[in-house]
Amino acid sequence: MPSLTTHRPLVLAAVMAANFMIAIEATIVSTAMPQIVGQLGGLQLYSWVFSAFLLTQTATTVVFGKLADLAGRKMVMLVGIVIFLVGSILCGFAWSMPSLIIFRLVQGVGAGAVQPTAMTIVGDLYSVHERAKIQGWLASVWALSAVLGPMAGGLIIQHFSWAWIFWMNLPIGALAAAGFWAYLHEKSARGGGRINHLSAAVFTIAIAAIMADLTAVSTSGEFEIGVITVVAVVAVALFVIQERRSPEPMISLELWGRRPIAAANGASLLCGMVMIGLTSFLPVFVQGVMQKSPLIAGFALSSMVLGWPVGATVGVRGFKRFGVRTVLRAGGLLVPAGAFVFVVLTAESSPIAAGLGSLVVGLGMGLLSSASIILIQEIVDWSERGSVTASFLFARSLGSTFGATVFGAVLNFGLFRSGHAGNASSDQLRRLLERGSVDAGGDSGLRAALEQSLHMTFVSMFGIALMVAAAAFLVPRVVFAARRALAE
């Protein structure tokens, strides 16, 4: 574990820089993708630029979390930063859409190492009371990236080559790596343990295949889906067999099955579903149904991004007074409270209502996420902290993938039932969204069908949000051994 000679403020600065590098990548790439597609072609592969990154990030999160427990946080963090930067350099040199997707896979591997290890380092360096405040700071990094990402992306596209949206990671990553190298000092990692490379490889293939299968449902043909499904089933079976006979399993069923961890991870998975549902479909409702501009739709959605760090910061002040579990449960209740707003939205509703609902959901997720991380990190030994932190992030990423598939299917079912499914209606939908507040009388039928379909989607999302609250209330009473001031 980190020694007393570790310079905590400087290491925290390195953690924030590493997190910022990962966080801003999502928003800045989204801004630049139209220009990238214009130069590289391959519009049909558009979504895979994002899916590839998420796929390898999710698949490797648990592997690197385990490795951080066995080999030490510093080594894993430095390796992750190097992989991410190599992927960034290659992305800037991409000559086609398939090559960009391959290089984004490399970036995702680096992100899968950096994000869980950064949060684990914070858990090592700071006590429960201190960590609560730090979680608020880390959440603010993601909010800042959401604001700066589109601005930076627009400026880079306007004045430089799109390659610089990837190459701008180099100085940030280099500074973060230098901070960890110079100021993070840790004792020897736990002795006697070693990572099972076969288990790690099979697990990565299994999760990647599962996520690819979920993504391919809406983008590929039956043959491709069938092949990926077979790979996923075989890989999962091999992983189970390998884990049963491995002396050092990748996933400790005893650890993941502990009630506080299982409940927190369940809430994290369901939050990931709600988050992707809101991110994907709220802008469509505001633009296509309310007939507002993309700018207004962006503001309505950004309320969630701003609410998250506010919720995490407010939760800090509540830990001592109310306890971590109470704050976690309050966050679980706020998520469905905010999600209910979208159930009652209509074409005549104000976008301010959508923004308020998004804000409440963000507040709830901020409370729940920060409290959950502190709870699960505090009830395990140092030698398991990396694994348990990675499990929480893994659950949220997997939930996002499940949510994209489930809510996408609900929307398509609604459009199909109304007779507005197919390629022709896709073109009409694009025209409807592009018009904004301009007269779209010719598309009134599609607008009504879209409103009904999105209403079904929001009702489904509200149901998932209720499950978030239920999972939060399943977290048992926990007494922290280090300080009982936060005991429940």
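Located above this text is the structure these notes cover.
This is a predicted model, so every value here is computed, not measured.

The next thing to look at is the nonpolar core. Ile36, Leu100, Phe166, Val274, Phe342 and Leu454 are the most contacted members of the largest nonpolar core, which totals 100 residues. Examining the composition of this core, we find that 16 residues originate from one element, helix α11 (residues 259-289), more than from any other. When near neighbours in sequence (up to four residues on either side) are disregarded, Phe342 contacts Leu278, Leu282, Ala354, Gly357, Ser358, Val361, Phe458 and Met461. Counting 30 residues, the second largest nonpolar core, distinct from the first, contains Phe20, Met21, Ile121 and Ala177.

It is worth spelling out empty space enclosed by the protein at this point. What the rule picks out here adds up to one cavity of 30 Å³ or more. Of the voids in this model, the largest cavity is the one considered here, and its volume is about 40 Å³. Lining the largest cavity, in full, are Ser268, Cys271, Trp308, Met365, Leu368, Ser369, Phe392 and Arg396. Secondary-structure elements contributing two or more residues to the lining of the largest cavity are α11, α14 (351-378) and α15 (382-417). It is α14 that provides the largest number of residues to the lining of the largest cavity, a total of three residues. Across the lining of the largest cavity, the residue classes tally to five nonpolar, two polar and one charged.

In this model helix α9 (residues 222-245) runs 35 Å from its N-terminal to its C-terminal C-alpha over 24 residues, within 8% of the 34 Å that 1.5 Å per residue would give. Those residues of α9 that fall on the buried side of the exposure criterion are Ala232, Ala235, Phe239, Gln242 and Glu243.

Here the focus is the side chain of Arg396. Inspection of the secondary structure assignment puts Arg396 in helix α15. A relative accessible area of 18% places Arg396 in the buried class. Residues contacting Arg396, with those up to four places away along its chain left out, are Gln115, Ser268, Leu269, Gly272, Met275, Trp308 and Ser369.

Take the packing of aromatic side chains next. For the structure shown, the criterion picks out eight aromatic pairs. Geometrically, the ring pair formed by Trp95 and Phe103 is edge-to-face, given 5.9 Å between the ring centres and 75° between the ring planes. One aromatic cluster is present, built from ring pairs that chain together Phe93, Trp164 and Trp167. A cation over an aromatic ring shows up here: Lys74 above the ring of Trp181, its NZ or CZ 5.4 Å from the ring centre.

Cut-offs and rules
- Per chain, the residues get numbers from 1 upward, laid out in the order the sequence is written.
- At least 70 in pLDDT is required for a residue's local features to be given in this predicted model, at least 80 for side-chain atom pairs to be given and counted, and no such filter applies to totals for whole chains, interfaces and linings, which use all residues.
- With hydrogens and water stripped out, all remaining heavy atoms of the structure feed into the side-chain values.
- Put simply, buried Ala, Val, Leu, Ile, Met, Phe, Trp, Tyr and Cys residues joined by side-chain atoms within 4.5 Å make one nonpolar core.
- A 1.4 Å probe rolled over the protein chains alone gives each residue an accessible area, and that area as a share of the maximum for its type sets the label: buried under 20%, exposed over 50%, partly exposed in between.
- Strands here mean DSSP runs of E at least two residues long; helices mean DSSP runs of H or I at least four residues long; both are numbered from the N terminus.
- Residue contacts are counted whenever heavy atoms from the two residues lie within 4.5 Å of one another.
- The distinction between a cavity and a pocket rests on a 1 Å grid over the protein atoms alone: a 1.4 Å probe fits inside a cavity but cannot get out, while a pocket stays open yet meets protein on both sides within 12 Å along at least five of seven lines, and a residue with an atom within 4 Å of a point counts as lining.
- Grid points are joined across faces, edges and corners, and a volume is the space filled by probe spheres set on the points.
- Following the grouping adopted for this structure description, the nonpolar residues are Ala, Val, Leu, Ile, Met, Phe, Trp, Tyr, Cys and Pro, the charged ones are Asp, Glu, Lys and Arg, and the polar ones are all others, Gly among them.
- Take the number of residues in a helix, subtract one, and multiply by 1.5 Å to get its expected span.
- Two rings from Phe, Tyr or Trp (for Trp, the six-membered ring) form a pair when their centres are within 6.5 Å of each other. A pair whose planes differ by under 30 degrees is stacked, one over 60 is edge-to-face, and the rest are tilted.
- Any Lys NZ or Arg CZ found within 6 Å of a ring centre and within 35 degrees of that ring's normal is scored as a charge over the ring.

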